[in-house]
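Coordinate analysis (summary)
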Amino acid sequence: MTENRIVDLPEVALAYRESGPPDGPALVLLHALGERATDWDVVLPGLAPGHRVYALDLRGHGDSGRTARYGLEEMRDDVLAFLDALGLVRVDLVGHSMGGVVGYLVAQARPERIGRLVLEDIPAPHPRPAGVVPDAPDEPVHFDWAVVKAVKTQVDTPDPAWLAGMAGITARTLVVAGGSASHVPQERLAELARLIPDCRMVTIEAGHLVHSARPAEFVAAVAPFLSA
């Protein structure tokens with residue numbers, strides 16, 4: 001049974017979906033830019049049947065609060081505040097795209113809090129040419145459009161400390177690459193896998209949206225890693 005909950009954190013009210021056996025090891029799921037916790041539903045039944053799963057709506061997304069400030073460090077701090085609020089001392093963590101960046105920032109800041117880390121189609125953070133942020137669409141979306149510009153600016157010009165911090169991640173890590181159909185340079189994923197000390201990479205030819213495009217293959221790669 002999945003329960004929808006909200007927790008009041010110091011800076012934002014964070015919505016999340018909780019499921020799985022109450023006494024199972026904790027697993028936190030972090031979605032991509034513009035998505036929400038329900039994005040994981042397609043893989044949830046097979047991904048971690050023995051875990052207590054917490055799928056978050058990151059700030060500015062879904063049913064979580066809208067704030068004056070957005071940024072990947074703010075989202076990192078939200079996740080750490082969430083763990084403290086729920087008394088989760090140590091968790092496994094899976095993050096896709098933007099959620100993966102938040103995930104490795106959490107693992108860098110508090111390595112003792114993360115047991116296993118899965119990064120879905122996330123490159124090593126290097127500067128890239130800045131593109132134009134489109135105007136907000138006319139139709140309603142379930143996230144604050146201001147998040148797009150804030151996150152894109154940080155991804156285009158990442159803090160050099162993010163790259164340097166990979167060596168300090170102690171979590172056993174799996175990088176899931178989307179292969180040649182992904183817009184993410186795959187050599188940057190391979191670099192990420194080399195920089196994190198205890199890390200390996202698996203490629204699923206699915207494009208950037210690995211878990212939604214190839215859910216069975218994603219589960220087959222990630223579930224054994226989480227249960228090992």
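The notes below deal with the structure included here.

Reading the values: the criteria
Residues numbered from 1 in each chain as written. Predicted model: local features only at pLDDT ≥ 70, side-chain atom pairs only at ≥ 80, totals over all residues. Heavy atoms only, no water. Salt bridge = Lys/Arg side-chain N within 4 Å of Asp/Glu carboxyl O. Helix = DSSP H or I, 4+ residues; strand = E, 2+ residues; numbered from the N terminus. Buried < 20%, exposed > 50% of the residue type's maximum accessible area, 1.4 Å probe, protein only. Contact = heavy atoms within 4.5 Å. Pairing = 2+ DSSP bridges. Right-handed = clockwise from strand over helix to strand, strands pointing away.

Quick word on the pattern of salt bridges
- Scanning the model with the defined rule gives 17 salt bridges in all.
- Between Arg17 and Asp41 there is a salt bridge, with the nearest N and O atoms lying 3.3 Å from each other. Taken as a pair, Arg17 in strand β2 (residues 13-19) and Asp41 in the loop between β3 (26-30) and α1 (44-47) lie far apart in primary sequence, 24 residues in all.
- A relative accessible area of 18% places Arg17 in the buried class.
- Its relative accessible area of 31% is what places Asp41 among the partly exposed residues.
- Among the ionic pairs, Asp63 bridges to Arg36, the shortest N-O distance being 3.4 Å. In this pair, Asp63 sits in the loop between β4 (52-56) and α2 (72-86) while Arg36 sits in the loop between β3 and α1, placing the two residues 27 residues apart along the sequence.
- In this structure, a network of salt bridges that share partners links the residues Glu11, Arg59, Arg69, Glu74 and Asp78.

Brief notes about the environment of Gly103
- By secondary structure assignment, the location of Gly103 is in helix α3 (residues 98-109).
- For Gly103, a relative accessible area of 0% translates into the label buried.
- The spacing of Gly103 and Val79 is 24 residues in sequence and 8.7 Å in space, taken between C-alpha atoms.
- Not counting residues up to four positions away in its chain, the partners in contact with Gly103 are Leu30, Leu93 and Leu117.

Describing the pairing of strand β8 (residues 199-203)
- Where strand β7 (residues 172-177) meets β8, 5 bridges bridge the pair, whose relative direction is parallel. Note on β8: the bridge partner recorded for Val175 is Met201.
- Considered for its hand, the β-α-β crossover made up of β7, helix α6 (residues 186-195) and β8 is right-handed.

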